[in-house]
Structures are given as C-alpha cells and as structure tokens.
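# Close look at the chain arrangement
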Amino acid sequence: MRAALLAATLLVATAAPATAADTNYLIWDSDPGSSPAEGRSGAWTPPDLFSVWEHPDRMIRVKANAPVGGEYLQIDLARNDGQRITEGSYVDQRVRVINRGIGPLDERGVFTVEHLEYGPDGHISEFDGAVEHHGSTEANTTFRAKISYRR
C-alpha cells in the first residue's frame, strides 16, 4: 500500500506543467472524504500570494492565498526524526494541511522534494515537490498537491 502511494506521489511530482516556463504554482485536489479540503481542488499561481519557507524547527511550510475571497491553503511538511528536509522521497512522515481554519495532522503523509535550493540569505529560493495527506485510513480521504516555487 505504501509503495503504491509513493509511486502515485512520484508520478504527480514528475508530471510536467503546461509549459516548461511555468513556476510558482500550487495545484491540488482532494477526495470527497479528505479533511479539510473535502473534494475541492484548485490551482493557485500568483507569486505575490504564494510562499515556501523553512521554520527554525526544520519544518517546510507552503502557503497560498486565493486571489479572491480570503481563502488560504497551508501545507506543513516535517520529518519524524526532526532532521532537515532535503531532496528525496519521504513516506510515513508528518504532513498537516490547513484550510478553512482546520488542520488535521497526518503522521503517515507522503512527500517528494524534487528540487530544493536556498538563496544567499539562507531562505528557500526554489522548491519543487509533491504531497499526499491522508484524512484517515478509509478510502477517498486523500489530499494531493504539486508545488513549484521560485522567489
């Protein structure tokens, strides 16, 4: 089961965007039973409404604000061993998705970091990856996202 989920995440992570020049996007979808997204999907691209950064506790936070309506989506990624996230694939790790003020933690999350680069100031300047968050062990509770970020 975990191998199948990792394969699905890698497939999403390697899917090409519409054009090679496309960056600064968060494309996401969710199953009907996924919390908190509950069957919704979206593609948020405005660079001024989208950020990726690393917290001092080594968690990476992806945050996008909807261009209209004040809605936001936040994805927190963390390794269970507390180590810094580097390029690679991570299975059964901590992923939190926050939407509409709700943010369930999934300690069985799957994420892939295809590309991660830090600028001279030590902040994340480039990030490409994919995420799966599971609302529960039941079917139809998965949230998926594809992320490309440049600042």
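This section reports on the structure supplied with the text. Keep in mind that this is a model prediction, so the values were computed, not measured.

## Examining the nonpolar core
Counting 27 residues, the largest nonpolar core has L26, V52, I75, F127 and I147 as its most contacted members. Those elements that provide at least two residues to this core are strand 1 (25-30), strand 3 (50-54), strand 4 (60-65), strand 5 (72-78), strand 6 (88-99), strand 7 (105-118), strand 8 (124-134) and strand 9 (142-150). Looking at this core element by element, the count peaks at 4 residues for strand 9. Those residues in contact with V52 that sit more than four places away from it in its chain are I60, R61, V62, I124, F127, I147 and Y149.

## Digging into the environment of R144
For R144, the position within the fold is in strand 9. On the basis of relative accessibility, which here comes to 21%, the residue R144 falls in the partly exposed class. Spatially, the C-alpha atoms of R144 and D29 are 5.5 Å apart, while their sequence positions differ by 115 residues. Setting aside its immediate chain neighbours within four residues, R144 contacts I27, W28, D29, S30, D31, V131 and E132. Side chain to side chain, R144 and D29 meet in a polar contact 2.6 Å long. Looking at R144, its side chain comes within polar contact range of the side chain of D31, at 3.0 Å.

## Comments concerning the sheet that holds strand 9
Judged by pairing direction, the sheet is antiparallel, and its 9 strands sit side by side in the order 2-1-9-8-7-6-5-4-3 without closing on themselves. Two strands lie at the open edges of the sheet, namely strand 2 (41-44) and strand 3, each paired on one side alone. Adjacent strand axes in the sheet meet at a mean angle of 20° when their direction is disregarded. When strand 7 meets strand 8, the two strands line up antiparallel, connected through 8 bridges. Within strand 8, the residue paired with H115 across the bridge is D128.

So, how was this worked out
Residues numbered from 1 in each chain as written. Predicted model: local features only at pLDDT ≥ 70, side-chain atom pairs only at ≥ 80, totals over all residues. Heavy atoms only, no water. Core = buried A, V, L, I, M, F, W, Y, C linked by side-chain atoms within 4.5 Å. Buried < 20%, exposed > 50% of the residue type's maximum accessible area, 1.4 Å probe, protein only. Helix = DSSP H or I, 4+ residues; strand = E, 2+ residues; numbered from the N terminus. Contact = heavy atoms within 4.5 Å. Polar contact = N/O pair within 3.5 Å; in protein donor to acceptor, adjacent residues only side chain to side chain. Pairing = 2+ DSSP bridges. Axes fitted to C-alpha atoms, helices over the stretch in contact; angles between N-to-C directions.

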